[in-house]
Amino acid sequence: MNIRRIAIIGVAAPALALGGPAVAMADTFESSQSHAGPSGAQSHSVSADSGGGSGGSSYEENHQWAGPDGAGSSSTSANSGGESGGALGLGVLGL
């Protein structure tokens, strides 16, 4: 092995060893903002979840605003995969 290979391995190995578990632990994200001023107010929130042990994922975004011309709200959500809880929340039993 030449010195260049040893240097590359010396830099890459710790990053791969420590970076992988850190990426795997990032299973949720949440952010929110609120603003108010003389012409109105607004609020915005975003959340995402990789599902943890259930194997699914979800995304939700909400936006509310009010001003001199009126007020409104908007929301977007998506869910995918995971165990279905059914009407009684008994997904394990398939109900």
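Preceding block: the structure.
Engineer: Run through the sheet that holds strand β4 (residues 70-80), naming residues and quoting values.
Structural biologist: Strand order in the open sheet formed by 4 strands is β1-β2-β3-β4, with antiparallel pairing between adjacent strands. Across the chains shown, the open sheet's two edge strands, defined by having one partner strand only, are β1 (28-37) and β4. Across the sheet, the axes of successive neighbouring strands diverge by a mean angle of 0°, strand direction being ignored.

Engineer: Residues and numbers for the pairing of β1, please.
Structural biologist: Little of β1 sits inside the fold, with 0 of its 10 residues counted as buried. Across 10 bridges, β1 lies against strand β2 (residues 40-49) in antiparallel orientation. Within β2, the position partnered with serine 32 by the bridge is serine 45. In this structure, the hairpin formed by β1 and β2 is closed by a connection of 2 residues.

Engineer: Run through the side chain of asparagine 62, naming residues and quoting values.
Structural biologist: As for its position among the elements, asparagine 62 is in strand β3 (residues 57-67). Here the side chain of asparagine 62 touches glutamate 60 through a polar contact of 3.2 Å, side chain to side chain. Beyond its immediate stretch of four places on either side in the chain, asparagine 62 contacts Ser43, His44, Ser45, Ser74 and Ser75.

Rules and cut-offs
- Numbering of residues starts from 1 in each chain and follows the order in which that chain's sequence is written.
- In view of the model being predicted, local features appear only for residues whose pLDDT reaches at least 70, and side-chain atom pairs are presented and counted only at 80 or more, with totals across whole chains, interfaces and linings using the full set of residues.
- Calculation of side-chain values draws on the structure's entire complement of heavy atoms; hydrogens and water are dropped beforehand.
- Strands were regarded as paired on the criterion that DSSP finds at least two bridges between them.
- Labels follow the DSSP assignment, with helices taken as runs of H or I lasting at least four residues and strands as runs of E lasting at least two, numbered in each case from the N terminus.
- Lines fitted to C-alpha atoms define the axes here, with helix axes fitted over just the stretch in contact, and angles between the N-to-C directions of these axes take values from 0 to 180 degrees.
- Using a 1.4 Å probe on the protein chains alone, a residue whose accessible area is under 20% of its type maximum counts as buried, one over 50% counts as exposed, and one in between counts as partly exposed.
- In the analysis that follows, any N or O atom pair within 3.5 Å is treated as a polar contact, provided that within protein one partner can donate a hydrogen and the other can accept it, and provided that, for residues neighboring in sequence, both atoms belong to side chains.
- Any two residues having at least one pair of non-hydrogen atoms within 4.5 Å are treated as being in contact.

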